Amino acid sequence: MVRGHRVVDHIVGYLAARGISHIFGVDGANIEDLYDAAFFRDDIAAVLAKHEFSAATMADGYSRSGAGIGVVIATSGGGCLNTVPALGESLASRVPVLALIGQAPTALDGRGAFQDTSGENRSLDAQALFSAVSVYCRRVRTPADIRTALPEALAAARTGGPAVLLLPKDIQQAELGLCSVTFGAGNGARVAAQRCDPQPLLQALRRVDGPVTIIAGEQVARDDARAELERLRATLRARVATVPDAKDVAGTPGLGSSSALGVSGVMGHPGVAAAAAQSALCLLVGTRMTVTARAGLDDVLGKVATYSIGSQAPYLPCTHIHSDDLRESLAVLARALSGQGRATQVRVPDQVPRSELRPPAHVGPGIRYRDAMAVLDVALPDGTDIAVDAGNVGASAIHYLPARRDGRFLVALGMGGMGYSFGAGIGMTFHRTSDTATRRTVVIAGDGSFFMHGMEIHTAMQYRLPITFVLFDNHAHAMCVTREQLFYDDLYSYNRFGPSRLGAGLAAMFPGLLALDITEIGDLPAALGIALDTDGPSVLSIECSADEIPPFAAFLANPDRTPSIAEENKTHVTARA
């Protein structure tokens, strides 16, 4: 078959020239030409997922791992609709993603075409739909439009969030002349960045009299500003905490930074609020401080001078400094606060002990969440990447399990969609294992999340990815069970499942997959060692209990951390299970 230079060839060439090595999707009639174009290139690979939600979370995880912009491709109709919840997560968490959405041929718009989403003649309007979950959405109406639409979409995504291009099949297949087409890195429109004016913050830091506490967020990861954050922290002799979905952007106790306070918010460490209360100034870096991140901090930050720097102002009152590039802005601050410009009155704060939430002791069958996380903490080496799912298990991992040195720690708290970790871990692995063949990803999820999107384990098998899936099998949507018990008098449960043996089941389904069921904590260390040393993917299914209350402050409202229905703050709820 003789091929010219089609719109799809232009798209994949343009993406590859910008260092995008993988695109993620599920094939179908109205997106197959993009797969065809990718097949004939050596510098970009098209990955086939099992479900479009997971393909979009692969793009999300690929982006969060440091790769830049993740790309998801989906066919028309139900295929593209399946991407919406994942794009909603990327929008809420400001993750740069490009979605290339196939559409029926333009000649059939409004004429009853299969999967018509043109919006014509009372058909579903894809542009209206995807505009609600993106920072940019454009329907490409002529072949020549791709030359402006693609760079515009990438520029919009770089500001933080999904950009969507709607691509009718006839437009994808159309010939596009090579003349005037340049793939150089400087090609394409860019959104003008607002310059950061650090003077109000510099003045406040130079006159501050006392300790400084920094709370760092997800923009630090997006802008790859970890080193710059640490230089600023050291310059200010500050303590640092992170929001739950940015655990890997600051130091971890025992891994080189005694200043790290842990995680803020509803799944966080009480010492963060104690440190903030003792501070002369709190600095929020790259976070909007959602309710999940600021639970327990509203009163404290209302009494302490609070400043923010980042691309969006926080939800709480403070003095905000706009910055679209924290890597540059934090470096400027550190330099300006050194030498003659240093802050002379800052001081090393008093020691605040690392503290944990204290759920009530659970007596009964199953392995305790904290005990399992302690085994993982001992076993996981530096450089291990971790992806965590929603629910009681996710809360436990966020609270108990530190990020690894030089490892990413991904968790989706924008929308809290269950099953996110399976695709995100795969997307992260495709990027991160290109750095070193020895790096491994660990996905931590509950059985509820597995039943939604766990078949992406088969995708990990297909591509022989170094991922260990650690599944906590409590036979329930356990966070919902906890809520039934605490807030609805434990009169019923809609959220308990029948028994399952995920390890044995997956081993039978996927020949060659190491998959083990663990029922005793004493068996976990050896099994985990075997799973981490396996060539390719592996699975551990850990038997636990839906009746164990996790480290989640909304369930532990009293000062002594015992459950109290009367004091429950329902706005803290961020996940279904």
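These numbers come from a predicted model, not from an experiment.

## Notes on helix H18 (residues 420–432)
Next, step 1: Along its 13 residues, H18 runs 18 Å from first to last C-alpha, staying within 8% of the 18 Å computed at 1.5 Å per residue.
Next, step 2: Most of H18 sits inside the fold, with 13 of its 13 residues counted as buried.

## Notes on helix H22 (residues 502–509)
Next, step 1: Among all positions in H22, only Leu502, Gly503 and Leu506 are buried. Burial along H22 is one-sided: seen end-on, the buried residues are contained in an arc of 100 degrees.
Next, step 2: For H22, the secondary structure elements touched by its buried residues are helix H19 (447–453), helix H20 (456–462), strand S16 (467–473), strand S17 (514–518) and strand S18 (538–543).

## A closer look at the pairing of strand S5 (residues 136–139)
Both faces of the sheet carry side chains from a regular strand, because those side chains alternate between them.
Next, step 1: Bridge count between S5 and strand S6 (residues 162–168): 4 bridges; the pairing is parallel. Along S6, the bridge assignment pairs arginine 138 with leucine 165.
Next, step 2: Considered for its hand, the β-α-β crossover made up of S5, helix H7 (residues 146–158) and S6 is right-handed.

## Quick notes on the packing of helix H3 (residues 52–67) against H18
Next, step 1: For the pair H3 and H18, the least separation of the axes is 6 Å and the interaxial angle reads 45 degrees. With respect to their mutual orientation, H3 and H18 come out oblique. Two packed elements cross with a definite hand, and for H3 against H18 that hand is right-handed. Touching Phe53, Ser54, Thr57, Met58, Asp60, Gly61, Tyr62, Arg64, Ser65, Gly66 and Ala67 of H3 are Tyr420, Gly423, Ala424, Ile426, Gly427, Met428, His431 and Arg432, all from H18.
Next, step 2: Here the residues of the contact of H3 with H18 sort into 8 nonpolar, 8 polar and 3 charged.

## Brief notes about the packing of helix H1 (residues 7–17) against helix H2 (residues 32–39)
Next, step 1: Packing of H1 against H2 brings their axes to within 9 Å, and their N-to-C directions diverge by 55 degrees. As summarised for this structure, H1 and H2 are arranged oblique, according to the angle between their axes. For the pair H1 and H2, the crossing hand works out as right-handed. The segment H1 lies against H2, with Val8, Asp9, Ile11 and Val12 engaging Asp33, Leu34, Ala37 and Ala38.

Basis of the calculations
- Residues numbered from 1 in each chain as written.
- Predicted model: local features only at pLDDT ≥ 70, side-chain atom pairs only at ≥ 80, totals over all residues.
- Heavy atoms only, no water.
- Helix = DSSP H or I, 4+ residues; strand = E, 2+ residues; numbered from the N terminus.
- Expected span 1.5 Å × (residues − 1).
- Buried < 20%, exposed > 50% of the residue type's maximum accessible area, 1.4 Å probe, protein only.
- Arc of directions from axis to C-beta.
- Contact = heavy atoms within 4.5 Å.
- Pairing = 2+ DSSP bridges.
- Right-handed = clockwise from strand over helix to strand, strands pointing away.
- Axes fitted to C-alpha atoms, helices over the stretch in contact; angles between N-to-C directions.
- Parallel < 35°, antiparallel > 145°, perpendicular 65-115°, else oblique.
- Left-handed = near helix turned anticlockwise from the far one by under 90°.
- Nonpolar A, V, L, I, M, F, W, Y, C, P; charged D, E, K, R; others polar.

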